[in-house]
2 protein chains.
Amino acid sequence: MSALARRGDLLRLSSLFVRTLREDPADAEVASHRLLIRAGYIRRAAPGIYTWLPLGLRVLAKVEAIVREEMAAIGGQEVHFPALLPREPYEATGRWEEYGPNLFRLQDRKRADYLLAPTHEEMFTLLVKDLYSSYKDLPLTLFQIQTKYRDEARPRAGLIRGREFVMKDSYSFDHTDAGLDEAYQRHRDAYERIFTRLGLDYVIVSAMSGAMGGSRSEEFLSPSVIGEDTFVRSPGGYAANVEAVITPVPEAIGYDDAPAAHVEDTPDTPTIETLVAVANAKHPRPDREWTAADTLKNVVLAVTQPDGTRGLLVVGVPGDREVDLKRLEAALAPAEAEAAGEADFARHPELVKGYIGPAVLGPQGTQVTDPATGETRSAIPYLLDPRIVPGTRWITGADEPGRHVFDLVAGRDFTADGTIEAAEVRAGDPAPDGSGPLELARGIEMGHIFQLGRKYAEALGLKVLDENGKAVTVTMGSYGIGVTRALAALAEANHDERGLAWPAHVAPAHVHVVATGRGAEVFDAAAELAEGLVANGVEVVYDDRPKVSPGVKFADAELLGVPLLVVVGRGLADGVVEVRPRAGEAEQVAVADAVAVVTERVASLLA
Amino acid sequence: MSALARRGDLLRLSSLFVRTLREDPADAEVASHRLLIRAGYIRRAAPGIYTWLPLGLRVLAKVEAIVREEMAAIGGQEVHFPALLPREPYEATGRWEEYGPNLFRLQDRKRADYLLAPTHEEMFTLLVKDLYSSYKDLPLTLFQIQTKYRDEARPRAGLIRGREFVMKDSYSFDHTDAGLDEAYQRHRDAYERIFTRLGLDYVIVSAMSGAMGGSRSEEFLSPSVIGEDTFVRSPGGYAANVEAVITPVPEAIGYDDAPAAHVEDTPDTPTIETLVAVANAKHPRPDREWTAADTLKNVVLAVTQPDGTRGLLVVGVPGDREVDLKRLEAALAPAEAEAAGEADFARHPELVKGYIGPAVLGPQGTQVTDPATGETRSAIPYLLDPRIVPGTRWITGADEPGRHVFDLVAGRDFTADGTIEAAEVRAGDPAPDGSGPLELARGIEMGHIFQLGRKYAEALGLKVLDENGKAVTVTMGSYGIGVTRALAALAEANHDERGLAWPAHVAPAHVHVVATGRGAEVFDAAAELAEGLVANGVEVVYDDRPKVSPGVKFADAELLGVPLLVVVGRGLADGVVEVRPRAGEAEQVAVADAVAVVTERVASLLA
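Residues numbered from 1 in each chain as written. Chains lettered and ligands numbered in written order. Predicted model: local features only at pLDDT ≥ 70, side-chain atom pairs only at ≥ 80, totals over all residues. Heavy atoms only, no water.

*Asks:* What is the right way to look at helix α5 (residues 121-131) of chain A in this model?
*Replies:* In terms of burial, α5 of chain A is largely enclosed, as eight of its 11 residues are buried. If you check which residues of α5 of chain A are buried, you get E121, E122, M123, F124, T125, L127, V128 and L131 of chain A. (Buried < 20%, exposed > 50% of the residue type's maximum accessible area, 1.4 Å probe, protein only. Helix = DSSP H or I, 4+ residues; strand = E, 2+ residues; numbered from the N terminus.)

Structure representation (structure tokens):
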């Protein structure tokens with residue numbers, strides 16, 4: 001069966017609602033954003049909010065159609081939820097608060113609370129609860145392709161991080177864990193087919209489930225230097241989102257032989273570098289040089305809970321690593337974190353900036369006395385990097401300027417309230433599964449699959465009767481594809497300095513016919529060719545603009561990025577037209593054969 | 001070319017996400033709402049906000065496809081705007097305020113004002129301004145099929161008046177009035193084709209343009225007793241929304257011979273009926289009986305402007321007519337009106353309820369003194385029904401209880417601040433164009449076409465250079481179809497007491513195959529038949545539920561409303577199946593012929 005329709009569309013550039021721009025828009029940082037704007041696919045309506053022009057909408061419709069087909073192929077049934085939803089279900093699961101400022105909230109004329117849904121777990125759970133009651137009704141997979149809203153703090157990169165965007169979200173419902181595993185695997189396979197059909201390179205990485213709850217979770221990333229997600233890969237096949245990387249925990253070390261901790265003068269050592277230098281100069285270690293990895297850096301962070309309450313947290317990491325805010329936030333989700341500010345330090349004079357020692361932190365200092373007021377209060381929670389196991393020896397601050405403690409032994413001289421995965425992951429770090437050193441890369445998150453488990457079903461009371469007539473809580477999966485973001489990832493992966501270069505399956509048209517010249521015979525021949533292609537089911541952009549120079553027409557064709565260019569012009573006198581792939585070699589084809597040859601070329605691109 | 005696809009869908013009821021309800025939902029007043037819920041097409045998510053289940057979404061997609069095809073056929077180019085929009089463009093045109101409480105407003109995390117768009121005139125105007133600059137770019141028609149929001153005071157009747165709904169909105173751009181006329185006519189023709197293809201009876205009526213501004217305006221109504229719009233028709237072909245009916249103004253009458261106005265005692269006459277009775281008993285008219293039409297009723301109304309300011313207005317109408325609040329509001333748009341309350345009368349003791357005379361109203365009483373405070377202030381505006389022309393003689397209140405003025409002559413004894421179309425329209429009233437007496441009917445507004453003119457282009461600065469290089473303001477049209485509402489109108493027009501009965505072009509499937517019986521041979525034969533139809537491009541609902549009684553299956557089939565029912569059951573022993581239109585006679589068809597016969601039947605339904 002041919003992939004071509006009965007009749008293609010003919011888009012005449014003389015009347016198509018599009019204007020190309022020669023200049024990059026000022027606010028566009030990445031290629032997809034720049035080119036989608038310049039080629040007239042989208043226009044910005046507000047920060048992170050875009051309007052789709054005809055060419056963009058055609059690409060979007062094709063991406064959606066591929067997603068829809070593959071979801072139907074795994075038995076997904078399409079539904080469509082509202083975007084404007086009442087507060088109550090999200091209140092029941094705690095997400096009304098957890099989403100914090102990322103949620104668009106509003107009130108209707110009766111002062112009832114509503115939200116613009118960022119995702120629909122609650123509504124799907126309630127709908128299934130409304131309709132189904134028996135295990136015989138399961139398994140069930142529902143999906144929608146729908147507009148979603150997130151009030152991003154920093155909308156950026158055009159469609160890649162927007163505030164109004166299109167997602168495919170689907171949800172699986174099973175009464176057994178094995179059923180959930182199967183539904184998860186079906187989605188995983190469907191996603192592989194979807195991204196393959198879209199022509200997108202992808203990596204599947206282990207992920208944190210974040211605010212979604214649940215257990216198993218993987219992301220589909222499109223590798224791209226402009227991606228917001230950093231992921232790791234090992235030679236042995238481990239791959240994970242950097243937030244999900246688990247630090248291999250070293251064995252604890254005996255410390256019977258360790259010297260006692262001793263405080264030393266270390267003047268002018270506000271940074272790790274100065275500290276290491278002074279330590280090596282004034283307090284040399286007998287066996288080797290001190291390095292940054294011997295120091296314990298205590299980083300003060302301000303953590304904001306979804307309900308707006310703000311508190312401090314100190315994280316201890318080896319001094320050769322930074323705290324990675326994204327990893328920290330993933331570990332603390334749904335809370336948000338930032339570096340503590342001057343005002344925070346001012347309120348906590350016991351935290352001596354640059355010289356913070358564990359004396360003031362953690363269980364060993366559960367109560368502190370405010371020197372200004374004489375009041376005692378709880379210490380600040382103190383969490384350690386998992387590498388800081390009992391027996392490891394550290395140089396750290398001595399809680400006064402210009403002094404550090406040496407030979408401070410974890411487990412002997414200090415303990416913490418727990419561990420946290422917050423230190424940066426670095427190239428060369430060992431993979432947690434022993435599969436070798438990690439390499440780091442960046443990617444655009446296009447899809448995310450989660451095993452939600454019973455969290456939402458429990459919160460909202462979704463149960464079915466099992467084989468024995470017993471009510472059991474349903475287990476769910478949640479599976480998303482950022483449809484508009486995948487389109488942007490396609491543009492990122494398929495462009496050059498001259499413009500976009502769409503894969504044929506998602507291109508706004510298959511062929512771009514350019515009429516160059518002034519004679520009516522050129523336009524007549526080009527129109528006839530375009531019509532012939534359209535009759536064969538080929539989608540054609542036809543540049544019929546009468547007074548536009550060939551140079552401008554070619555530049556526009558390369559900017560628009562339709563896969564095949566057909567030039568009707570000078571060659572006409574010799575009975576030929578030129579056929580040229582978007583980034584390939586030109587070929588002369590006899591006018592009489594052109595429709596057949598180009599149709600065949602398109603059919604093979606779509607095969 | 002066949003209207004059938006290459007391969008149809010097969011919807012097995014054993015796994016289709018649908019549950020039918022035997023009982024009407026408590027909140028459903030109208031048939032479409034009741035049946036769409038009961039048949040499992042939609043579910044309520046919040047007041048006026050619905051979720052689309054698989055069957056409903058299939059119908060919606062078919063309605064959208066017909067609208068899309070016909071819009072493309074008149075050269076409409078599809079785009080897609082966000083629903084979440086910034087305040088500024090709506091501020092520029094005044095609609096941020098004018099929409100009043102009907103607009104969903106919200107703020108983002110930076111406290112910037114946003115709205116959920118009820119319609120997109122501003123955004124289309126700005127987009128065209130962004131892209132186009134010459135008359136050569138015009139004419140242009142853009143459209144979208146998109147989710148819209150209105151915070152209705154009284155969402156009702158399911159999809160008919162919802163708060164989140166799907167609309168097709170299109171906009172035409174021309175640089176000449178003649179161009180706008182053509183664009184308007186093209187849309188009018190396209191709408192006729194759309195509603196005809198949908199299988200909907202429709203009436204085109206003249207309409208008010210309301211808050212939209214502009215000049216020529218017509219509505220497409222689906223006649224229905226449950227419709228919210230009242231319209232009129234005359235035998236001569238006049239048709240108008242009742243809000244748009246213009247009262248034929250009688251000729252002024254000379255009043256040289258009219259007796260002087262005189263105040264009479266009319267005790268206990270708080271109503272028109274009591275007044276007419278007392279007038280005939282105590283102050284008889286020499287030539288004929290007094291009737292209600294001889295009395296002038298002054299109705300006090302409270303008018304709220306979009307900015308929330310509230311003031312009173314008095315409307316004088318002949319006593320045999322009520323003030324029609326909808327007509328009044330259409331005349332006052334965007335202000336809203338309601339009957340004045342006790343508190344209003346308390347604040348205006350000069351308004352003697354039941355005895356209000358023109359002495360206290362209108363220009364003849366431009367200042368009034370508040371008897372309580374001694375302050376003077378402006379009189380309440382006074383507007384008259386257009387029938388109350390100079391020379392007409394009236395009985396009306398004398399501004400004190402139990403007394404009325406007789407022989408009060410308009411133009412001699414009182415004048416007003418103007419006229420207003422606020423009196424009710426009644427069956428038998430003359431059509432304004434002289435085409436005969438009006439009859440009244442009700443309808444569901446499915447479409448509305450407007451000549452906006454230059455209002456939005458002026459407010460937002462959309463100009464193009466004309467043939468002479470002169471910047472001219474563009475003239476626009478705005479054209480809407482309530483897609484979800486049209487679907488509801490289809491359900492209203494196509495149902496019986498047993499369920500829905502869809503026209504084939506919009507039905508969720510073409511054929512409903514029911515397997516009745518317990519033997520495997522029945523299910524095998526039914527499955528084979530269903531598969532055969534699907535292979536021919538027929539869309540099939542197949543009731544393969546193993547333990548459901550024939551009675552329940554037939555009831556569900558009639559509730560779902562698929563056009564053709566095929567029963568595979570008892571007849572199988574005789575080698576036949578039963579083929580029955582949703583509301584027609586059954587026919588026995590040989591099993592061997594069934595696929596061919598039913599396919600043929602479907603093809604002719606779709607022809």
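Read on, since the account is not over.
*Asks:* For this particular structure, what's the right way to read the relation of the copies chain A and chain B?
*Replies:* A rotation about an axis combined with a shift along that same axis relates the two copies of the chain. It takes a turn of 180° to lay chain A on chain B, together with a shift of 0.1 Å along the axis; the resulting RMSD is 0.1 Å. Overall, the copies show the geometry of a two-fold rotation axis. No C-alpha of chain A lies nearer the rotation axis than that of L106 of chain A, which sits 2.7 Å from it. Most of the interface of chain A is mirrored in chain B, where 100% of its interface residues are also at the interface. (Least-squares fit on C-alpha atoms with pLDDT ≥ 70 in both. Contact = heavy atoms within 4.5 Å.)

*Asks:* Can you help me understand the nonpolar core in this one?
*Replies:* Soluble globular proteins tend to bury their nonpolar side chains together. In this structure, F17 and F173 of chain A together with F17 and F173 of chain B are the most contacted members of the largest nonpolar core, which totals 82 residues. Sequence-distant contacts of F173 of chain B, defined by excluding residues within four places in its chain, comprise F124, T125, V128, L138, P139, L140, L142, L462, V474, T475 and M476 of chain B. Residues L35, Y50, I194 and L487 of chain A belong to the second largest nonpolar core, which totals 63 residues. (Core = buried A, V, L, I, M, F, W, Y, C linked by side-chain atoms within 4.5 Å.)

*Asks:* Is there a simple way to explain the interface of chain A and chain B in this structure?
*Replies:* Many structure descriptions define interface size as the accessible area lost when the parts assemble. Each partner contributes residues to the interface: chain A has 54 residues there, and chain B has 55 residues. With both sides pooled, the region where chain A packs onto chain B buries about 4,800 Å², and carbon together with sulfur makes up 59% of that total. Counting the surface chain A buries against chain B, the share from its top three residues, F17, R109 and L131 of chain A, is 17%. Run the count over chain A and chain B and you get six salt bridges. A salt bridge links D130 of chain A to R43 of chain B, with the shortest nitrogen-to-oxygen separation between them at 2.9 Å. On the surface where chain A and chain B come into contact, there are 26 residue pairs in polar contact (both at pLDDT 80 or more). It is α5 of chain A that contributes the most residues to the side of chain A that touches chain B, five residues altogether. Across the side of chain A that touches chain B, the residue classes break down as 34 nonpolar, six polar and 14 charged. (Buried area = accessible area lost by both parts, 1.4 Å probe. Salt bridge = Lys/Arg side-chain N within 4 Å of Asp/Glu carboxyl O. Polar contact = N/O pair within 3.5 Å; in protein donor to acceptor, adjacent residues only side chain to side chain. Nonpolar A, V, L, I, M, F, W, Y, C, P; charged D, E, K, R; others polar.)

*Asks:* What am I meant to see in the sheet that holds strand β31 (residues 540-543) of chain A here?
*Replies:* Across a sheet, strands are paired by hydrogen bonds formed along the backbone, either parallel or antiparallel in direction. Residue and element names in this part refer to chain A. Within the open sheet, the six strands sit side by side as β1-β31-β30-β32-β33-β34. Their pairing is mixed. Each having just a single partner strand, β1 (10-12) and β34 (587-590) make up the two edges of the open sheet. Averaged over all adjacent pairs, the angle separating strand axes in this sheet is 25°, with direction ignored. When strand β33 (residues 576-581) meets β34, the two strands line up antiparallel, connected through four bridges. Following the sheet pairing, V576 is matched in β34 by A590. Sheet contacts for helix α13 (residues 550-560): β30 (511-515), β31, β32 (564-568) and β33; angle to β30, the most-contacted strand, approximately 170°. (Pairing = 2+ DSSP bridges. Axes fitted to C-alpha atoms, helices over the stretch in contact; angles between N-to-C directions.)

*Asks:* How should the side chain of E492 of chain B be read in this particular structure?
*Replies:* Residues and elements named next belong to chain B. By the element assignment, E492 lies in helix α11 (residues 483-493). For the buried E492, no salt bridge is present, and the opposite-charge side chain at shortest range is R34, 7.0 Å distant. Those residues in contact with E492 that sit more than four places away from it in its chain are V30, A31, S32, I160, S224, I226 and I444. (Lys, Arg positive; Asp, Glu negative; His and termini not counted.)

*Asks:* It is not clear to me how the pattern of salt bridges should be interpreted in this structure. Could you clarify?
*Replies:* Pairing of side chains with opposite charge becomes possible as their charged atoms draw close. Applying the stated criterion across every chain yields a total of 111 salt bridges over all chains. Put simply, E70 of chain A and R193 of chain A hold a salt bridge, and the shortest N to O gap is 3.0 Å. Highlighted residues: E70 of chain A in helix α2 (residues 54-73) and R193 of chain A in helix α6 (residues 177-198), separated in sequence by 123 residues. Its relative accessible area of 9% is what places E70 of chain A among the buried residues. Residue R161 of chain B pairs with E228 of chain B through a salt bridge whose shortest N-O separation is 2.4 Å. Of the two residues, R161 of chain B sits in the loop between β8 (140-149) and β9 (164-174) while E228 of chain B sits in the loop between β11 (217-223) and β12 (229-233), which places them 67 residues apart along the sequence. We classify E228 of chain B as buried; its relative accessible area is 13%. Through salt bridges that share partners, E29, E152, R156, R161 and E228 of chain A make up one connected network.

That's the geometry; what it means functionally is another story.
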